[in-house]
Each structure stands twice: as structure tokens, then as C-alpha cells.
Amino acid sequence: MELLKSEHLPPPQMEESELHEVLHHTLANVDGKAYRTMVGQIFSQRISPAIDYAYDSDILKGSFSVRSAKIQQHVCETVSRIFKRHGAIKLQTPLLMPRNKKLYEHNEASYLMDHSGMLVMLPYDLRIPFARFVARNNITNLKRYCIERVYRPRKLDRCHPRELLECAFDIITPAGNNFLPIAETIYTISEIIQEFPVLQERNYSILLNHTALLKAILLHCGIPEDKLNQVYIILYDAVTEKLTKREVEAKFCNISLSPNSLNRLYRFIEQKGELQDLTPMLNTLLKQKTGISSLVKLGIKELEETMGLLKKLGIKFQVSINLGLVYKMQLHNGIIFQFIAYIKRRQRIVTEILAAGGRYDHLVSVLLIYTF
């Protein structure tokens, strides 16, 4: 018996298929003793000094300067002052959420495990935690702002997630057909730009689109409704230059989109300009099936109302419609927008996005499903 208990004996061998089966059964019963034992063993691991040092060495080593901290503080104070002027309150939401892959179909969040083995996620952005907060608390009237850290996973193991500082401004109203909140949000961002000379020099312009218009264009080009989310991701990667044109075409080929349909799609999504200049092309969609024409009418009507409000507010930036604008389509419904500038970087012109947003009524209604 003493020999069998000796630490010098090699551990008993188990076939890989058997190991997988044991793990599968253990994970299937989160209230079982085997599951608790497994999680306990995971959390009893020792961290070596080398791993401890390497975990966040790139974040802590030589990255701090008093001057940068003072600049960041000044920027945050200036931005906060503008938000308060619009009647917004500072509101932070809980840091962690249960893992929900449906909300982050394309963007991979940073996941953690708590002491019970439950998977939770750090905020990838400030939008989803706030929408969850609104749904859970049945909030119908609120202006809030928040300047907080968001996180991105890294490809390396055993290292701190990448941290970014993000700023959010949200307006919640009970009236779903009111377009003043989206116009006020855009106007507030323009006020922030006016406060900083370095931003004024970059000549930002405002791009608008409507999720109904983009959906109508994709349906018109022969893309099945069950493939829309997949196409939104491809278009977003194309717009943000994560994919070359050839790679985009290859991905569209994988979902059986014909070359003629792809050319038709490009003709639409490459269109930018004033709404009245795009009307002749959009009118061709009004002759299509009822579903498509209804989407187009809705998109045009709401864009017209929003553009009218922006003019009344005295927006000084150029505002144009970009039929190819794609921004987190699984989260937004209705008007979407971006503040962009074209700047020269490393001998080439790149697009810099200062701010982006849109309406997310649908997101709040989805999160209401999980409210008890």
C-alpha cells in the first residue's frame, strides 16, 4: 500500500477518449462533487515568479508618465463637463457579465472564471453592459455618460488583457419614434471636437446610414436573410480594412454569391453623398418586393428627419449618407453614424474613426428576455 501511494510512481495512464468522456460528464453537472473538485484543483495551482512577472510586464514597465496622466485627466474633465451640460449623469454599470457569445458573435471578449467555475466576461465595450442595466431596471428616461476601461483578449496565454479607455454617452427615452436623441448625441460629439484644436485640425466629417437601408440592399442583391449577419461581418471587416478586396470576394464566394450579385452590391455600398443625390438609386429598390420597398421607405424617412434635426442644431461638420457604412449591426437598429477623418500615416491615407454609435432599441428588448 505504501508503495502504491508513493509520489515516485508514474500517474495512471488514461486513453484520450476516456479522458474526454470523464471531462464531459464532469462539466455536465455543475452542482456535482466532481465538478467542484475539478474547479478547486484549477484554483489551487501555484503561480511561478516568472509567470507573475511576465503577466503584466508590458503594461507596467516604462509606460507611465505624469504628463500623459495630466493630459488624460484634462480630456476626461472637459468631456465630462460637456456631457453634464446636456443633463447627463455619470453612471457606471457592473464590471462583469455572464458569458454570452450571441452578443459578441464577431468580437471576441475576454473571459474569466469565478470560484464556482462560472464563465464571465470583461466588457468589450460600454454599450452592452449599459443596455443590460437599462433592461434589468426598466429604465425609460435617462441621459448618462461613462468613461471607463474596456478589454481585448490577446493571442498570448497567461498575460493581462489589453486595456482601452472608452467614452460612452447614452440617451434613453420612452418615445421610440423620436429622433432628437440621436441628433443630440451627434451634436454633443461635435461640441467635444470643438473643444480640442488638435481634433479640429483633422477635418472630421459625419457619415450616416440606416440598418433598414443596408438590409434592403443586401436582400435586393440576392443574399438570403439567414446569411445577413455573416455578410455584415464581412462588410465590417472590409470597411475597417481587415480584409483586402480579394479576400472579401473569396468570402462572398463561400456563401454562393454570384459575381453579378457582388458587382450589384458594390455599386450600392460604394455610394456616398447627400440623401437627395442617392435618391435615384434608392428609388430602384422601391420597385422591388413589398418587404424591400418598406425597408427603403423607413430608412429614407428616418434619415430625412435626422438630417433635418442636425441642420436645426447647427452642425458645422459635413454630413453625408454612406450606404456602405456598417457598425455593429447585431446590436443596432435604425440610424447608425461615424465621425471619421482621413489622415496620412506611414506614407498612406488611412481612415480614423473618432466616434461611432446608433440606436439600440432592439438590443435592450433582447436583453429583456433574460430579465426575470
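Quick notes on the rules
Residues numbered from 1 in each chain as written. Predicted model: local features only at pLDDT ≥ 70, side-chain atom pairs only at ≥ 80, totals over all residues. Heavy atoms only, no water. Helix = DSSP H or I, 4+ residues; strand = E, 2+ residues; numbered from the N terminus. Buried < 20%, exposed > 50% of the residue type's maximum accessible area, 1.4 Å probe, protein only. Contact = heavy atoms within 4.5 Å. Areas by Shrake-Rupley, 256 points an atom, 1.4 Å probe, with all protein chains shown as cover. Lys, Arg positive; Asp, Glu negative; His and termini not counted. Charge placed at Lys NZ, Arg CZ, Asp CG, Glu CD. Pairing = 2+ DSSP bridges. Axes fitted to C-alpha atoms, helices over the stretch in contact; angles between N-to-C directions. Phe/Tyr/Trp six-rings, centres within 6.5 Å; stacked < 30°, edge-to-face > 60°. Lys NZ or Arg CZ within 6 Å of the ring centre and 35° of its normal. Salt bridge = Lys/Arg side-chain N within 4 Å of Asp/Glu carboxyl O. Left-handed = near helix turned anticlockwise from the far one by under 90°. Nonpolar A, V, L, I, M, F, W, Y, C, P; charged D, E, K, R; others polar.

*Asks:* Honestly, the overall build of the protein in this entry has me stumped. Any pointers?
*Replies:* In terms of regular secondary structure, the protein is built from 16 helices and 11 strands. By its C-alpha atoms, the protein is 90 × 55 × 50 Å across when sized along the principal axes. When the 372 residues of the protein are sorted by exposure, 41% land in the buried category. Considering only contacts in the protein between residues 6 or more positions apart, those separated by 24 or more positions represent 67%. Surface summary for the protein: the accessible area is close to 23,000 Å², and the carbon and sulfur share equals 53%. Side-chain charges in the protein split into 48 positive and 38 negative, and the spacing between the mean points of these groups amounts to 5 Å.

*Asks:* Hey, could you run me through the sheet that holds strand S10 (residues 335–345) in this one?
*Replies:* Strand pairing in a sheet takes place through backbone hydrogen bonds and is either antiparallel or parallel in direction. Reading across the sheet, the five strands line up as S8-S9-S7-S10-S11 and stay open at both edges, with mixed pairing between neighbours. With partners counted over all chains shown, the strands left at the sheet margins are strand S8 (272–273) and strand S11 (348–358), one partner each. With 10 bridges joining them, S10 and S11 adopt antiparallel strand pairing. By the bridge assignment for S11, Ile 336 is matched with Gly 358. Each of strand S7 (205–210), strand S9 (319–322) and S10 touches helix H15 (residues 290–313); the most contacted strand, S7, lies at about 150° to it.

*Asks:* Before we go on, may I ask you to explain the environment of Pro 153 in this structure?
*Replies:* For Pro 153, the location among the structural elements is in the loop between strand S5 (142–152) and strand S6 (162–172). Counting along the chain gives 135 residues from Pro 153 to Glu 18, while the straight-line C-alpha distance between them is 32 Å. Pro 153 has contacts with Glu 108, Ala 109 and Ser 110, leaving out every residue within four places of it along the chain.

*Asks:* Just checking my understanding: could you explain the packing of aromatic side chains for this structure?
*Replies:* Note on aromatic pairs: each is described by the distance of the centres and the angle between the planes. Using the criterion set out here, one finds four aromatic pairs in the structure. Ring geometry for Phe 337 versus Phe 339: centroids 6.3 Å apart, planes at 85°, classification edge-to-face. The exposure class of Phe 337 is buried, given its relative accessible area of 3%. Among the aromatic side chains, those forming a connected cluster through ring pairs are Phe 83, Tyr 145 and Phe 169. Geometry around Tyr 111 places Arg 99 over its ring, the cationic atom sitting 5.6 Å from the centre. Across the ring face of Phe 130, the terminal group of Arg 144 is positioned such that the distance to the ring centre comes to 4.1 Å.

*Asks:* Help me understand the pattern of salt bridges, please; the structure alone is not making it clear to me.
*Replies:* Counted according to the given criterion, the structure contains 12 salt bridges. A salt bridge links Glu 305 to Lys 301; the nearest nitrogen and oxygen atoms lie 2.9 Å apart. On the criterion of helical spacing, the pair formed by Glu 305 and Lys 301 is a turn pair, its members being four residues apart in helix H15. You can call Lys 301 partly exposed: its relative accessible area is 47%. Put simply, Glu 352 and Arg 345 hold a salt bridge, and the shortest N to O gap is 3.6 Å. Overlapping salt bridges bring together Arg 127, Arg 144 and Asp 170 as one network.

*Asks:* What should I look at first to understand the sheet that holds S5 in this one?
*Replies:* Taking strand neighbours across the sheet as the criterion, the three strands line up as S1-S5-S6 in an open arrangement whose pairing is mixed. Edge positions in the open sheet fall to strand S1 (89–90) and S6, since each of these has one partner strand only. Bridge analysis of S1 against S5 gives two bridges, and the strand direction is parallel. Bridge assignment links Lys 90 to a residue of S5, and that residue is Tyr 145. Against the sheet, helix H8 (residues 180–195) contacts S5 and S6, and its axis sits at roughly 135° relative to S6.

*Asks:* Would you mind showing me how to read unusual backbone geometry here?
*Replies:* Negative phi characterises most residues that are not glycine, and trans characterises most peptide bonds. In this model, Arg 158 sits at a positive phi of 55°, which is unusual for a non-glycine residue. You will see that Lys 328, though not glycine, has its phi angle at about 45°, which is positive. Mapped onto the elements, Lys 328 comes out in the loop between S9 and S10.

*Asks:* Where do I start with the packing of helix H6 (residues 66–85) against H8 in this structure?
*Replies:* When two helices pack together, their arrangement is given by the angle between the helix axes and the distance between those axes. Between H6 and H8, the shortest axis-to-axis distance is 10 Å and the interhelical angle comes to 145°. The handedness of the crossing between H6 and H8 is right-handed. Across the interface between the two elements, Thr 78, Val 79, Arg 81, Ile 82, Phe 83 and Arg 85 from H6 touch Thr 188, Glu 191, Ile 192 and Glu 195 from H8. Classifying every residue of the contact of H6 with H8 by side-chain character gives four nonpolar, two polar and four charged.

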